[in-house]
Amino acid sequence: MRPTPTMLILAAVLAMSANAEMVLTVRVYDYTQVSGKTIRKAEEVARRIYEKAGVETEWIHCPAVPGEVGRFPECRKPMSGTDVILHILPEAMGARGLSREAFGYALPDAGDLPA
């Protein structure tokens, strides 16, 4: 069976829970006009959920447009195997074909796909 993105994320979370020093880094690209307060609240809720699973999280905000990269120095650090990328998209940019109940979807990294 070919691993799905969900299986890969679950495997990473399980591996991290075995090693308390590992951190799941979430790189956030926000393409919406959602308030900073709302984003912080969502991050806090997610942080608590991961914490209950024994996983520490680090949230890094990244630029929505390339010209702003200088304002986000943390986002320039190299990616690691415990980094995930979260794109917050307005409904108009959302994936077509998903049910209205879906909150999002996961894609594997191109480097993880078989040749």
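Residues numbered from 1 in each chain as written. Predicted model: local features only at pLDDT ≥ 70, side-chain atom pairs only at ≥ 80, totals over all residues. Heavy atoms only, no water.

**What about the nonpolar core?**
Logical step 1: Counting five residues, the largest nonpolar core consists of Tyr29, Ile60, Cys62, Phe72 and Cys75.
Logical step 2: Setting aside residues up to four positions removed in sequence, cysteine 75 forms contacts with Arg27, Tyr29, Ile60, His61, Cys62 and Pro63. (Core = buried A, V, L, I, M, F, W, Y, C linked by side-chain atoms within 4.5 Å. Buried < 20%, exposed > 50% of the residue type's maximum accessible area, 1.4 Å probe, protein only. Contact = heavy atoms within 4.5 Å.)

**Remarks on the pattern of salt bridges**
Logical step 1: The final tally for this structure, using the stated rule, is six salt bridges.
Logical step 2: With a shortest N-O distance of 2.8 Å, arginine 27 and aspartate 83 are connected by a salt bridge. In this pair, arginine 27 is assigned in strand E1 (residues 23–30) and aspartate 83 in strand E3 (residues 83–88), connecting sequence segments 56 residues apart.
Logical step 3: By relative accessible area, which is 2% here, arginine 27 ends up buried.
Logical step 4: Looking at aspartate 83, the relative accessible area reads 11%, which means it is buried.
Logical step 5: In the salt-bridge network here, residues are joined through shared partners; they are Glu44, Arg47, Arg48 and Glu51. (Salt bridge = Lys/Arg side-chain N within 4 Å of Asp/Glu carboxyl O. Helix = DSSP H or I, 4+ residues; strand = E, 2+ residues; numbered from the N terminus.)

**Regarding the confidence of the model for the protein**
Logical step 1: Mean pLDDT over the protein works out to 78, with 70% of the residues at or above the 70 mark.
Logical step 2: Within the protein, helix H1 (residues 5–18) has the poorest average pLDDT of any element, 61, and strand E2 (residues 56–62) the best, 92. (pLDDT = per-residue confidence, 0-100.)

**Digging into the environment of isoleucine 60**
Logical step 1: As for its placement among the helices and strands, isoleucine 60 is situated in strand E2.
Logical step 2: Residue classification places isoleucine 60 among the buried residues on the basis of a relative accessible area of 2%.
Logical step 3: Remark: the alpha-carbon pair of isoleucine 60 and threonine 25, spanning 35 residues in sequence, is separated by 7.2 Å.
Logical step 4: In this structure isoleucine 60 touches Thr25, Val26, Arg27, Val28, Glu74, Cys75 and Lys77, once residues within four positions along its chain are discounted.

**Quick word on the layout of surface pockets**
Logical step 1: Roughly 230 Å³ of internal volume is contained in the second largest pocket.
Logical step 2: Every residue lining the second largest pocket is counted, 13 residues in all, and those nearest its centre are Asp30, Val34, Ile39, His61 and Phe72.
Logical step 3: Looking at the lining of the second largest pocket, the elements that each hand over two or more residues are E1, helix H2 (36–52) and E2.
Logical step 4: Tallying contributions element by element places H2 first for the lining of the second largest pocket, with three residues.
Logical step 5: Considering only residue class, the lining of the second largest pocket consists of seven nonpolar, three polar and three charged. (1 Å grid on protein atoms, 1.4 Å probe; cavity = no way out; pocket = protein on both sides within 12 Å on 5 of 7 lines; lining within 4 Å. Points joined across faces, edges and corners; volume = space filled by probe spheres on them. Nonpolar A, V, L, I, M, F, W, Y, C, P; charged D, E, K, R; others polar.)

**Section: the sheet that holds E3**
Logical step 1: Read from one edge of the open sheet, three strands run E2-E1-E3, paired in parallel fashion. This sheet does not close on itself; its edge strands, each paired only once, are E2 and E3. Direction aside, the axes of adjacent strands within the sheet are offset by 25 degrees on average.
Logical step 2: Taken together, the six bridges between E1 and E3 define a ladder with parallel strand orientation. (Pairing = 2+ DSSP bridges. Axes fitted to C-alpha atoms, helices over the stretch in contact; angles between N-to-C directions.)

**A closer look at the side chain of glutamate 43**
Logical step 1: Relative to the elements of secondary structure, glutamate 43 occurs in helix H2.
Logical step 2: It is arginine 40 that comes nearest to the buried, bridge-free glutamate 43 among opposite-charge side chains, at 7.3 Å.
Logical step 3: Those residues in contact with glutamate 43, other than ones at most four positions away along the chain, are Val28, Trp59 and His61. (Lys, Arg positive; Asp, Glu negative; His and termini not counted.)

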